[in-house]
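One-letter residues, chain by chain:
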Amino acid sequence: MFATPNSQSADRRLLRLLPGFCLFLSGAASLTYELTWIRELTLVYGGTLYAISAVLCAFMSGLALGAWCLSRWLRGKDTRGLFRLYGYLEGAIGLYGLAFPWILDLTTPLYPVFVAIAGGSDAVLHLLEFLWGALLMLPATFLMGATLPVLGTWAIGGKADTIQAEVSWLYGMNTAGAVAGCLLTQFLALRWFGVSGTTWMAVATNALVFLLCMVFEPDTIRGKSAVAEKTPPPAQESISTAASGFLLALFGFSGMVALSSEILWTRVLVIPLGSSLYSFALILAAFLFGIAAGSLCAHRLFRKPSQVRTFLLLEAGVGILGLLMIPLLDQVTPLTSWLDARFYDPENTALRTLWLRSGLTFLFMFPPAFVFGLIFPVANQIQLDLFGQVPTTLGGSYTVNTLGSILGTVLTPFVFIPLFGIERSLFILFGALLLLAGCAPLLIATGKKEWRLLLPPSLLALLTVAWLVLDPGVATQRIGKNNLTRVDFGTSSGDVKLVDYLEGNFSTLSVVEDTKRNTRTLFVNGFSTATVSEKFGGTSYMQAMGLVPALLHPAPKRALVMCFGTGNTLGTVARFPGIQVDAVEIDRNVLSLAHWFSPWNGNVLERDNVAFHIQDARQFIRWDEGTYDVITLEPMHPAHAGVSALYSLEFYEQAKARLKTGGIFMQWLPLHLLNEDDSLAILKTFREAFPHTSLWNSFLTRIVLLVGSSQPVALDPQNFLKRMQNSAVAQAGSEIGVRSFLDFLDFYVTDAGALDGILKNQRIITDDRTLIEHSSVNLLPPFPRETDETFLNFLLRRIGAFPEIKNLDAEQLKRLKHEFDTRTGQRLSIFSQRYSGPGAEEFRSRRFMEGLEKVAQFRNKHPDAWITLSDQGWSAQQAPQ
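Small disclaimer: the values here were computed from a predicted structure and weren't measured.

Describing the layout of surface pockets
Quantified by volume, the second largest pocket comes out at close to 810 Å³. As for the second largest pocket, its lining consists of 28 residues, and the residues nearest its centre are Asp122, Leu125, Ile614, Gln615 and Gln619. Ranked by the residues each element gives to the lining of the second largest pocket, the list is headed by helix α4 (residues 111–118), at five residues. Its residues assigned to classes, the lining of the second largest pocket comprises 13 nonpolar, nine polar and six charged.

Topic: the nonpolar core
Judged by nonpolar contacts, the single largest core of 129 residues is most densely connected at Leu247 and Phe311. Among the elements that line this core, the one with the most residues is helix α5 (residues 122–156), at 16 residues. Ignoring any residue separated from it by four or fewer positions in sequence, one finds Leu247 in contact with Ile239, Val308, Phe311, Leu312, Ile382, Gln383, Ala440 and Ile444. Ala544, Leu745, Leu795 and Phe820 belong to the second largest nonpolar core, which has 119 residues in total.

Things to note about the environment of Arg486
Looking at where Arg486 falls in the secondary structure, it is placed in the loop between α15 (449–470) and β1 (496–503). Under the relative-accessibility criterion, Arg486 is labelled buried at 13%. In this structure the C-alpha to C-alpha distance between Arg486 and Ile758, which are 272 residues apart in sequence, comes to 38 Å. For Arg486, the contacting residues outside a window of four places in its chain are Ile271, Pro272, Thr336, Asp340, Val512, Phe523 and Gly526.

What about the packing of aromatic side chains?
Inspection of every chain in the model, using the stated rule, returns 43 aromatic pairs. Relative to Phe686, the ring of Phe665 lies with its centre 5.8 Å away and its plane at 35 degrees, an arrangement referred to as tilted. With a gap of 21 residues between them, Phe665 in strand β9 (residues 659–670) and Phe686 in helix α22 (residues 676–689) connect regions that are remote in the sequence. Among the residues examined, Phe665 registers a relative accessible area of 0% and is labelled buried. When the ring centre of Trp68 is taken as origin, the NZ or CZ atom of Arg72, which lies over that ring, is 3.9 Å away. In this structure, Arg357 is placed above the aromatic ring of Phe343, and the distance from its NZ or CZ to the ring centre is 5.0 Å.

Some details on the confidence of the model for the protein
Chain-level statistics for the protein give a pLDDT mean of 89 and a share of 94% at 70 or above. In the model of the protein, helix α7 (residues 218–222) stands out as the element of lowest mean pLDDT, 64, in contrast to strand β5 (residues 558–562), which has the highest, 97.

Considerations on the pattern of salt bridges
A full pass over the atoms with the stated rule returns 21 salt bridges. As a salt-bridge pair, Arg618 and Asp767 come within 2.6 Å of each other at their nearest N and O atoms. Of this pair, Arg618 sits in helix α20 (residues 617–623) while Asp767 is found in the loop between α26 (756–759) and α27 (784–795), placing the two residues 149 residues apart along the sequence. Here Arg618 and Asp767 have matching classes, each one buried. Among the ionic contacts, a cluster of salt bridges with common partners joins Asp743, Asp746, Arg798, Arg823 and Arg827.

Focus on α27
Since the α-helix packs 3.6 residues into each turn, any two residues three or four apart lie on the same face. Over its twelve residues, α27 extends 16 Å from the first C-alpha to the last, a length consistent with the 16 Å expected when each residue adds 1.5 Å. Buried residues dominate α27, accounting for nine of its twelve residues. Taken residue by residue, α27 has Thr787, Asp788, Glu789, Thr790, Phe791, Leu792, Asn793, Phe794 and Leu795 as its buried positions.

Quick notes on the rules
Residues numbered from 1 in each chain as written. Predicted model: local features only at pLDDT ≥ 70, side-chain atom pairs only at ≥ 80, totals over all residues. Heavy atoms only, no water. 1 Å grid on protein atoms, 1.4 Å probe; cavity = no way out; pocket = protein on both sides within 12 Å on 5 of 7 lines; lining within 4 Å. Points joined across faces, edges and corners; volume = space filled by probe spheres on them. Helix = DSSP H or I, 4+ residues; strand = E, 2+ residues; numbered from the N terminus. Nonpolar A, V, L, I, M, F, W, Y, C, P; charged D, E, K, R; others polar. Core = buried A, V, L, I, M, F, W, Y, C linked by side-chain atoms within 4.5 Å. Buried < 20%, exposed > 50% of the residue type's maximum accessible area, 1.4 Å probe, protein only. Contact = heavy atoms within 4.5 Å. Phe/Tyr/Trp six-rings, centres within 6.5 Å; stacked < 30°, edge-to-face > 60°. Lys NZ or Arg CZ within 6 Å of the ring centre and 35° of its normal. pLDDT = per-residue confidence, 0-100. Salt bridge = Lys/Arg side-chain N within 4 Å of Asp/Glu carboxyl O. Expected span 1.5 Å × (residues − 1).

Given below as structure tokens:
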């Protein structure tokens, strides 16, 4: 039978589409592995910048090694069978991806050995982390790096002149798959399936590719075998080996610039977008989408055989584009305010937030990424002269570009940002790329000699002028000008001034003072970490986080305070006599701004009873062998990326193991940042770890303090009075309104056991299922009514509740209970009057006990219901699930 024209056309389409589809799936699976493995390894290493960089570098090192080694092995090989070999590689990747979590668990006990070998040297420890991560991931990453050279060699066959067209298609599809993998993993898979389920999804994707490669026989369709040899493309410029080497180095440098600019623009975009998982997914996806689109368009845009000039023009073009985008940095602050206005609009929707943030992300990330994507196929075409064969060209080009990316990963946070800042780093990187592209004609006989000699000094002069005009750098004279400063929503920029600003290797920090409200705020990557004020209550919850657990413990001698912020909590704990405190903060630069808050933190950096540890809190809890009477922490926004590791059941169990007998653990529950499902999930998880859990509050209905212990906690008024005789402790209490035992008791909200009825159907946060990272508050903010609603449901359980109190006789206890009930009524009166609830009339007349009785009757009718609030009144609903 003779093949018909239609069947031949279908065969050609299959030969074209099948490898592209397989690499699309491969790219999706590989990106999924990268994201999940970073999660799993940072639970061991910690989430410090050094740890994350070590994991990323280890991952990319495996890719580079695999591409290089397989390309050497493929030289001169018959291309028949390579498609099936590619399928075997994908199958092997899936098998190792399935085994990786177990291998990690088996080798995790080695980490204390690495700590011992490091002997206190951070540099040695991070090197060991890199080597360990590289070895753990190497079997899979090596094979991942080999896939493009293997499949590319098969697709090109003996037609080396098609290398640009094939790489344009295959690399573009592979990167497009990475976009899909990023969005699917971060938005859907981790939320629905958890880390383990997402891993299975990636394994299934590898299995699908394996089956496709086994079922289809494209070698039979294509017919004769071909040897992967170099076929010189016609009309290629004649360039020396030195010139080819320079072009390859330039390609590697552009790989570094690409990765560095991604990191730098990410640091810029978290200011308006926030640090949620969704924001980071959008940023990465936009960057990868630009590269994929550029690669897919490369062959259609540049069909000429001679591509050296095209390559240099593209490198120069992306340098110019990067420089032209720098003035956009001064628009970040107004753009942030514009986005905030829409984010907090009561008519806003999650979809609109997503579209607006996606648009802003693409505005910054897509243009340069598109040009970087154009460069990759063209670079492979021109490197044929240097490498000599198709496999070595594919592998060598990929390896050099990946090594550049590794350099960008290391140098950007550890060298460029600390030395030059974000804006200057962008200028230097893109300016250097433009200048190097301008120097290349000196080695290549193209164009008039006079122009080639004049081009480098001319570009250098233009860059000097641009530096003077753009004036890149850091300045604090005006908010938003040469700084990435956020202004809280609802605050006029005319009422605030920038007190201090720092672009550190880990985060962008600013101290902003509101002259109208007389407040001072620390922003970390655009998030309002803490606000202090001279007014009463301005810092009360932070001080309460130190005061409450230290007073609940009969005699604390050793405490651990994690997450420094402005230092108020640490300063309060450190005031207690005879106490030694370990303080853990992930970002050293946060401590450098502590002096701006010294009136509130009591110059805590100068106290000799405090030892500082620059470390990830989760890592410290897991690997430190110390035990404590009191542990307290106030992490960043619970829904921010990575912070859920400090709200998981595994973390709470690790923290509990660090408590001495009778020890107290406290963590904040910021209701104003969360929805009701988030708050209840955190509370359910906390209670699962700590059998004795209670809720406390510091007069601010937006923030609850969770107190946990393995043993019952009894309040002792006599011990309280004794402790308050110390002037430093008494002052700390007075600053937040605690002048008597009743004042302290009024901080108590309820025992968590009273909430079991509404907690029974709640899910538990684990390292595998990080529920709050996918909270709706990342796309729609909780409004005051929702915050009031959650707190009211907690406060209603205070009715009839009373903590265990010792060393009081019956009459004293009776009087104290009556006073406590009166204050309970006073608290409930706020919600009853604001939302027309039961007892509103009595509360307005200040008949608090009568109003409390009305509220108690309402609650008794609906003991396990969730009370919702509206202007029309209170109503009972089924508890959230």
